[in-house]
Amino acid sequence: MYKQRLNKLLMITCLTFLLPAIVQTSDSGIPSIPVQASAPQNYFHAHQYTSTDRGDMMVSENATKTEPPRSYSPIGEREFSKEKYQSLRSMYTAENETHSQVEFPYHRFDVKVHRNVKPSDKITLYWKGKSLPGRQVTMYGWNVLEGKWVEIEGVVAGDTSIELKGTVNVEDFVQNRKVSVIVQDQLSQKSKSYDYSFVWMSDTQYYSQDYPAVFKSITEWIAENRDVMNIKYVFHTGDIVNRGNDDRQWKRASAYMNTLDVARIPYGVLPGNHDEGHDFQHYQAHFGEQRFKKKSYYGGSFEQNRGHYDLISVNGKDYIFVYMGWGIGKKEIEWLNEVLERYPDRTAILSFHEYLKKNGDRSRKGNEIYEKVVKPNSNVVAVLCGHYHSSRLAVDELDDDGNGTVDRKVYQILADYQKGPEGGSGFVRLLHVDEETNTIDVRTYSPYTNKYHYYNPDKHPKKEQFTMDINVEKTNKMISTTYFELNIYKQVSTQKVAAGSMP
């Protein structure tokens, strides 16, 4: 069905770079940004370029499906109109809002710097503007050596103006006398009775060892039904193989999961206890960070992808999927919390190998994760796990603000079919997202046998088929600029530079 899309806004206003001398205010009367404390003291303020004076600066707007954009100049960029340039001069943000319904809007600042800029010089950046409350706003710079947009600073927007600051090297960010910076906020498809789907695999260990045809049937079915079911992402919660040191099993699993790579379907994995082998060496060789780091949705890695997080956005709804593999201790929990705290505006689904037991209670480690990760982070709505052969659902209602009313439900789900015929008969979980009812329907299906339900639905009507009341409404996005500043500081050799002098 088609659903009405909500607007996402992006607003941008000003950009500034320092002109001659160490000054306290720019020509526009806006305070200049002094050298950061971390910068060497033998630098002086040489040039300034501001959005209040177009000069050598061009400002553009656009929106892309990824954050940051995948290319240097994404299709669709357009320079600010005369009216929007005027809004920069008057610092009136409402006049330069950039709107997007299903993509991430951004403003771009391309600055032509002075010809005497040297690789040893430092550049400071300053942006001021607005976005919608709760939205993540990030400043990226085009790193000419790495050939990609690199995050400089990010912040979660509130009700008032926000600021972003950063310092970069000329050598890394200047090419042909140009510096490029963007400031960006954080997609629509058709379906049948739902809007889009996620697929969840777990404990494929016996497929990799003894029943490769079952493994192959799952990933091929996902690729073939990507458009039909509008599949946006695939989870795998561990025990990819049965023997962690058997490279033959790893090669099989890697080849079958590569079907998703070829089909360009985002997915995430984690290592279970059977994947450990010799300190996860085979896992990291086949499913380490190098396999995922160039994928646009891949957020970051913990110990070569033993843990990681993915940033997925669908129809304007922003998710973060966070994984941690076998052997969770203090440092792993700290990393999980750091990631979740960084993205409080994204709906979080966590994936572990061990969490719920066969009886539906949390394991000892699962309970520690619940107390130290799930409860403190109010954006966590679901936890997926395998390890124990069973199908279970536990739902906890949490009062995040302590006012006596339930603020969220956390759905904790165990799904592991490895003890079934042929290593599990190819059963996976389907998560169908319905924006109209604001829910996610969970179903169980085997592409290998073309059957729904592993357990008898008459005897176990809610064991594998249920609905999660999870907020899947589109999230408004917006960015607005009040001011942006780039400063260049020339390095002093033996001469003493007086305040206000030029090199």
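Below is a short write-up of the structure. (Residues numbered from 1 in each chain as written. Predicted model: local features only at pLDDT ≥ 70, side-chain atom pairs only at ≥ 80, totals over all residues. Heavy atoms only, no water.)

## Remarks on the nonpolar core
So, point 1. Ranked by internal contacts, the top residues of the largest apolar core, which has 61 residues, are F198, I222, V234, F235, F287, F321 and M468.
So, point 2. Ignoring anything within four residues of it in the chain, the contact list for F198 reads K232, Y233, F235, Y319, F321, R429, L430, L431 and V433. (Core = buried A, V, L, I, M, F, W, Y, C linked by side-chain atoms within 4.5 Å. Buried < 20%, exposed > 50% of the residue type's maximum accessible area, 1.4 Å probe, protein only. Contact = heavy atoms within 4.5 Å.)

## Remarks on the sheet that holds strand β22 (residues 408-416)
One key point about sheets: their strands pair by backbone hydrogen bonds, in either a parallel or an antiparallel sense.
So, point 1. Judged by pairing direction, the sheet is mixed, and its seven strands sit side by side in the order β16-β17-β18-β19-β20-β22-β21 without closing on themselves. Edge positions in the open sheet fall to β16 (298-302) and β21 (390-398), since each of these has one partner strand only. Going from strand to strand, the sheet's axes swing by 15 degrees on average, the running direction of each strand aside.
So, point 2. In this sheet, β22 lies alongside β21 in antiparallel orientation, the contact comprising nine bridges. Within β22, the residue paired with E397 across the bridge is K409. (Pairing = 2+ DSSP bridges. Helix = DSSP H or I, 4+ residues; strand = E, 2+ residues; numbered from the N terminus. Axes fitted to C-alpha atoms, helices over the stretch in contact; angles between N-to-C directions.)

## Focus: empty space enclosed by the protein
So, point 1. The space that makes up the largest cavity amounts to roughly 60 Å³.
So, point 2. As for the largest cavity, its lining consists of M201, S202, D203, T204, Y207, I218, Y417, Q418, G423, G424, F427 and V428.
So, point 3. Looking at the lining of the largest cavity residue by residue, the class counts come to six nonpolar, five polar and one charged.
So, point 4. A volume near 40 Å³ is recorded for the second largest cavity. (1 Å grid on protein atoms, 1.4 Å probe; cavity = no way out; pocket = protein on both sides within 12 Å on 5 of 7 lines; lining within 4 Å. Points joined across faces, edges and corners; volume = space filled by probe spheres on them. Nonpolar A, V, L, I, M, F, W, Y, C, P; charged D, E, K, R; others polar.)

## Some words on the layout of surface pockets
So, point 1. Estimated volume of the second largest pocket: approximately 310 Å³.
So, point 2. If you trace the second largest pocket, you find 18 residues lining it, with K317, T347, S378, V381 and N471 closest to the centre.
So, point 3. Tallied by class, residues from the lining of the second largest pocket come to three nonpolar, five polar and ten charged.

## Some details on the sheet that holds strand β5 (residues 78-79)
So, point 1. Read from one edge to the other, the open sheet built from six strands follows the order β5-β4-β7-β12-β9-β10, with strand pairing classed as antiparallel. Of all the strands in the sheet, the pair left with one neighbour each is β5 and β10 (148-156).
So, point 2. The pairing of strand β7 (residues 104-112) with strand β12 (residues 178-185) spans seven bridges and is classified as antiparallel. Note on β12: the bridge partner recorded for V111 is V179.

## A word on the pairing of strand β3 (residues 43-50)
So, point 1. Extensive coverage of β3 is indicated by the burial of eight of its eight residues.
So, point 2. Bridge count for β3 against strand β27 (residues 479-491) is seven bridges, and the pairing is antiparallel. In the sheet register, Y49 faces β27, and the bridge partner there is L486.

## Details of the side chain of N62
So, point 1. For N62, the position within the fold is in strand β4 (residues 57-64).
So, point 2. When its relative accessible area of 5% is taken as the criterion, N62 is described as buried.
So, point 3. In terms of polar contacts, N62 uses its side chain to reach the backbone carbonyl oxygen of I75, at 3.4 Å.
So, point 4. Those residues in contact with N62 that lie beyond four places of it in its chain are P74, I75, G76, E77, R78, T98, F104, P105 and Y106. (Polar contact = N/O pair within 3.5 Å; in protein donor to acceptor, adjacent residues only side chain to side chain.)

## So, the packing of helix α4 (residues 212-224) against helix α5 (residues 247-262)
Helix packing for two helices is described by the angle between their axes and how far apart those axes are.
So, point 1. Axis separation between α4 and α5 bottoms out at 8 Å; the angle between their running directions is 15 degrees. By the angle between their directions, the pair α4 and α5 is classed as roughly parallel. Where α4 crosses over α5, the handedness of that crossing is right-handed. Contacts between α4 and α5 involve P212, F215, K216, T219, E220, I222 and A223 from the first element and R252, A253, Y256, M257, T259 and L260 from the second.
So, point 2. Residue composition of the contact of α4 with α5, grouped by class: eight nonpolar, two polar and three charged. (Parallel < 35°, antiparallel > 145°, perpendicular 65-115°, else oblique. Left-handed = near helix turned anticlockwise from the far one by under 90°.)

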